[in-house]
Amino acid sequence: GGPLIADPILWTVASDAGSLAEDEEGNPLELSLLEGSYTATAYRVTTETELELGFTVAGPDDVNLTFVFPAPPPPPVDITFSARIGEDGPEITDPVIYTISPAPEGMEAEQTGNPLTVALPTGAYSVEAYWTAQEATQTRDFVVVDAARTLVIPFEEPSQSATIVAPATAPIGSTIEVGWS
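Residues numbered from 1 in each chain as written. Predicted model: local features only at pLDDT ≥ 70, side-chain atom pairs only at ≥ 80, totals over all residues. Heavy atoms only, no water.

Take the confidence of the model for the chain next. Across the chain, the average pLDDT comes to 90, with 99% of residues at 70 or higher. By mean pLDDT, strand β13 (residues 179-180) is the weakest element of the chain at 82, and strand β6 (residues 96-101) is the strongest at 98. (pLDDT = per-residue confidence, 0-100. Helix = DSSP H or I, 4+ residues; strand = E, 2+ residues; numbered from the N terminus.)

Looking now at the pattern of salt bridges. If you walk through the whole model with that rule in mind, you get two salt bridges. A salt bridge links Asp7 to Arg44; the shortest N-O distance between them is 2.7 Å. With Asp7 in the segment before β1 (9-15) and Arg44 in strand β3 (residues 36-44), this pair connects stretches of sequence that are 37 residues apart. The partner of Arg84 in a salt bridge is Glu91, with the nearest N and O atoms 3.8 Å apart. According to the relative accessible area criterion, Glu91 is partly exposed, its value standing at 31%. (Salt bridge = Lys/Arg side-chain N within 4 Å of Asp/Glu carboxyl O. Buried < 20%, exposed > 50% of the residue type's maximum accessible area, 1.4 Å probe, protein only.)

There is about 920 Å³ of room inside the largest pocket. Along the walls of the largest pocket sit 32 residues, with Pro28, Leu29, Asn64, Leu65 and Thr66 positioned nearest its centre. Counting only elements with at least two residues in the lining of the largest pocket, the list comes to β1, β3 and β4 (49-57). (1 Å grid on protein atoms, 1.4 Å probe; cavity = no way out; pocket = protein on both sides within 12 Å on 5 of 7 lines; lining within 4 Å. Points joined across faces, edges and corners; volume = space filled by probe spheres on them.)

Pairing is antiparallel across the open sheet formed by four strands, whose spatial order is β2-β1-β3-β4. Unpaired on one side and paired on the other, β2 (18-25) and β4 mark the two borders of the sheet. Neighbouring strand axes in the sheet, compared pairwise and without regard to direction, differ in orientation by 15° on average. Where β3 lies against β4, nine bridges are found, and the strand directions are antiparallel. Bridging from a neighbouring strand, Ala42 pairs with Leu51 of β4. (Pairing = 2+ DSSP bridges. Axes fitted to C-alpha atoms, helices over the stretch in contact; angles between N-to-C directions.)

Let's shift gears to the sheet that holds strand β7 (residues 110-112). Within a sheet, adjacent strands bond to each other through the backbone by hydrogen bonds, running parallel or antiparallel. Ordered in space as β7-β6-β9-β10, the four strands form an open sheet in which the pairing is antiparallel. With one partner strand each, in any of the chains shown, β7 and β10 (136-144) form the two edges of the open sheet. Each strand axis lies, on average, 25° off the axis of its neighbour in the sheet, ignoring direction. Bridge count for β6 against strand β9 (residues 123-131) is six bridges, and the pairing is antiparallel. Its bridge partner being in β9, Ile100 is matched across the sheet by Val127.

Before going further, it helps to spend a moment on unusual backbone geometry. The omega angle of the peptide bond from Ser101 to Pro102 is -5°, so this bond is cis rather than trans. For the bond running from Asn114 to Pro115, omega is 0°, close enough to zero to count as cis. Its place among the elements puts Pro115 in the loop between β7 and β8 (116-120). Of note, the phi angle at Glu48 is positive, near 55°, even though the residue is not glycine. With respect to the helices and strands, Glu48 occurs in the loop between β3 and β4. The phi torsion at Glu135 lies on the positive side, around 50°, for a residue other than glycine. Residue placement: Glu135 occurs in the loop between β9 and β10.

A few words now on the environment of Asn64. Checked against the element boundaries, Asn64 lands in the loop between β4 and β5 (77-85). Asn64 gets classed as exposed once you look at its relative accessible area, which sits at 72%. Linking Asn64 and Pro28, residues 36 residues apart in sequence, is a C-alpha distance of 9.9 Å.

What follows is the structure, given as structure tokens:
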């Protein structure tokens, strides 16, 4: 087994004759029992995990029961998504919509922001970043292990565009005003 659990453990010990301990807190729990068959239930409060074990006391010797709870999952890890123009370029200031898949339980798959920090459990994911102003999308696969980190999502530098403003029609040979940006 592993180390002794410090979290609260609630114990219920019962026999055919009835309950000898019910939701008694402690770890370890020590009881004096007569010869007979018993059922012990251990409930780990922090992980809401319950284990049950049947056992028999046959004589004056001590009976030690060990319950091995599964290790709790590691805590979520902060992952920061940063959409940039190029790998080392400036951060994009327009809205970026990130879609994370698979979305962890209780988390919206689609979130907006840049940079955007989310807490993710360990596992393999894909993130799609949609740069709203340029209507461009980039996708990146990544793995969450045990350390916070920043994932850069590089976008190509947008090409320069120009807009011309002029009247739709004009008489032949006339002078017209034209603007551009």
